[in-house]
Amino acid sequence: MTGSAKRIYAMILRQVYLTRRSPPRLISYCFWPTMDMIVWGFLNQYLYQNKAFVGFSMSLLLGTRLLYSLSERSHVQIMWGFLEDVWARNLGNMLISPLRPIELIVGVILNGFLSAAVGMSCAYLAAYFIFDYTIFKLGVAVLPMLIILIINSWWIGLTLITLILRYGPSGEHFGWMAGFVIVPLIAVFYPVSALPEWLQYISWSLPPTYVFESLRELIATQTLNMHYMMVGFVLSLVFLATSVVNFLYQLKKARQRGGLFSSSE
Amino acid sequence: MTSAAIHVSALTKMFHGATTPAVDHLNFDISKNCIVGLLGGNGAGKTTTLSMLVGVLLPTSGAIRILDVDMLKDRHTALARMNFSSPYVDLPQRLSVRENLTIFSHLYNVKNWKSQMIDLAEGLELIKFLDRPYGSLSAGQKTRVLLAKSLINKPDVLLLDEPTASLDPDTADWIRSYLMHYQKESGATILMASHNMQEVERMCSDVIMMRTGKIADRGAPQALLAKYGRDDLEEVFLHIAREGVDA
């Protein structure tokens, strides 16, 4: 293993140790996405059985919810992983080690992804056993959507970490708000056309919008909108690159300001 | 190329909104294989200086070379051969001592990290605590774990900020002895900020006295005592802190 890979491995090891030491943490990984899935599943079942809404399908509501949960849990876990070092006053130790900023980024992203993957596996199993639903019924078309949403969670998570660097631990409040700010804009539960025209411009500038619009189209026509996938993918990379640059810039500013040692306060 | 382990020139830090620099045009060299004390009252600039040396704080101007590496351009190369301990940093409380040390072994890419960890645990009398959560240890035990973390990569340059602060006299004395032994065995360079004058007199071959961000004086403890006509370093410290060098 190269030095760089070993340092990233150290960050993942830290997360594994923390999880192993704290059963409530492991439960929380599974709890939120699973409960989310169950509540939305029963709501969906009710609407479907009562024909309350024409055009609703199990695939649509549960599919969008499952995909959105993946993105949301991942960015929350990225933020959480970083905050734990801040709370433990361990960030200073990490920053004076040979761990390079880009390795720190890769480490927190991988930790966020792995934690979210555990949670999503629970939610997936809940959907499968309780509602006999699997998103993979939609076929391999789901894979590019997953990739876009995963990259999407990386740039949101990194942006949240950047806000913590900028504003200190209180920046975590942005993290809890982020999901609520983004959901109305990315067409999770309704199409972009349901938004006022001026909001539609914002919606189309966000990568997840292309995933959820594609999912709707896929369920309705069994056709994957490749154009949407390409645009969503490229936009995700642009947002990710921007968030990396922004993180590195804010890290440099934090080193200029000082306080990285005492950022737990 | 320089033979100094630490070379600092015109190092200045002016915090945003401040009217005076926290560190003002510091110049010093610290040679290899010695223990140097950094003394000064609160706000003298000791922690600011140490923070700049390890790279978590960027200087406003000046240069830092550690182990012949320009710390402003390529600090990570030098950081692999350095380490630092400070009351401002800590370790995750829920992780065991072994887990914490394992993580830092990998971060520092330590070869034979398992034997290195056991050697340190034996030397610092931590063997029986290896599988206990770090957070459940006493202050003295935690200090020893933090010291083990600081020595995990057998650093050539070790920076310490108040290494024995808030420890009982017996534990503090034990830590001092251990550090002196490590320095002698490894030939490392240790720069330590301290408020404990007896500690500095006992451990350091050279002392840098800071006052209002500048070096007020520098010399071997005995030379400083002779220069100021005092009986102990604490009196020298008080003289410099209250009256300055020229008073």
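Scope of this entry: the structure provided in the associated data block.

The rules we used
Residues numbered from 1 in each chain as written. Chains lettered and ligands numbered in written order. Predicted model: local features only at pLDDT ≥ 70, side-chain atom pairs only at ≥ 80, totals over all residues. Pairing = 2+ DSSP bridges. Helix = DSSP H or I, 4+ residues; strand = E, 2+ residues; numbered from the N terminus. Contact = placed C-beta atoms within 7 Å. Axes fitted to C-alpha atoms, helices over the stretch in contact; angles between N-to-C directions. Buried ≥ 20, exposed ≤ 12 C-beta atoms within 10 Å, placed from the backbone.

### A closer look at the pairing of strand S10 (residues 214–219) of chain B
All names here are of chain B.
At step 1: Where strand S9 (residues 206–211) and S10 come together, five bridges link them in antiparallel fashion. Pairing of Val207 across the sheet is with Gly219, part of S10.
At step 2: Hairpin connection between S9 and S10: a loop of two residues separates the two successive antiparallel strands, and Thr212 in this loop has a positive phi of roughly 45°.

### Some thoughts on the sheet that holds strand S5 (residues 69–70) of chain B
To summarise the sheet geometry, strands pair through backbone hydrogen bonds and adopt either a parallel or an antiparallel arrangement.
All names here are of chain B.
At step 1: Ordered in space as S2-S1-S4-S5, the four strands form an open sheet in which the pairing is antiparallel. Both outer strands of the open sheet, strand S2 (23–31) and S5, are each paired with one neighbouring strand and no more.
At step 2: Relative to S2, strand S1 (residues 4–13) runs antiparallel, the two sharing six bridges. Note that in S2 the partner of Ile6 across the bridge is Ile30.
At step 3: Docked against the sheet, helix H1 (residues 46–54) engages S1, S2 and strand S4 (61–66), running at close to 120° with respect to S1.

### With respect to the interface of chain B and chain A
Where the parts come together, the accessible area they lose is often given as the size of the interface.
At step 1: The interface is formed by 29 residues belonging to chain B together with 29 residues belonging to chain A.
At step 2: Sorting the residues of the side of chain B that touches chain A by element identifies H1, helix H2 (71–79) and helix H3 (97–107) of chain B as the ones contributing at least two each.
At step 3: It is H3(B) that contributes the most residues to the side of chain B that touches chain A, six residues altogether.

### Some details on unusual backbone geometry
At step 1: A positive phi angle, close to 55°, is found at Asp132(A), a residue other than glycine.
At step 2: Counting through the fold element by element, Asp132(A) comes out in the loop between helix H5 (101–131) and helix H6 (142–167).
At step 3: Overall, the presence of 9 C-beta atoms within 10 Å leaves Asp132(A) in the exposed class.
At step 4: Despite not being glycine, Ala10(B) has its phi angle at roughly 50°, a positive value.
At step 5: Inspection of the secondary structure assignment puts Ala10(B) in strand S1.

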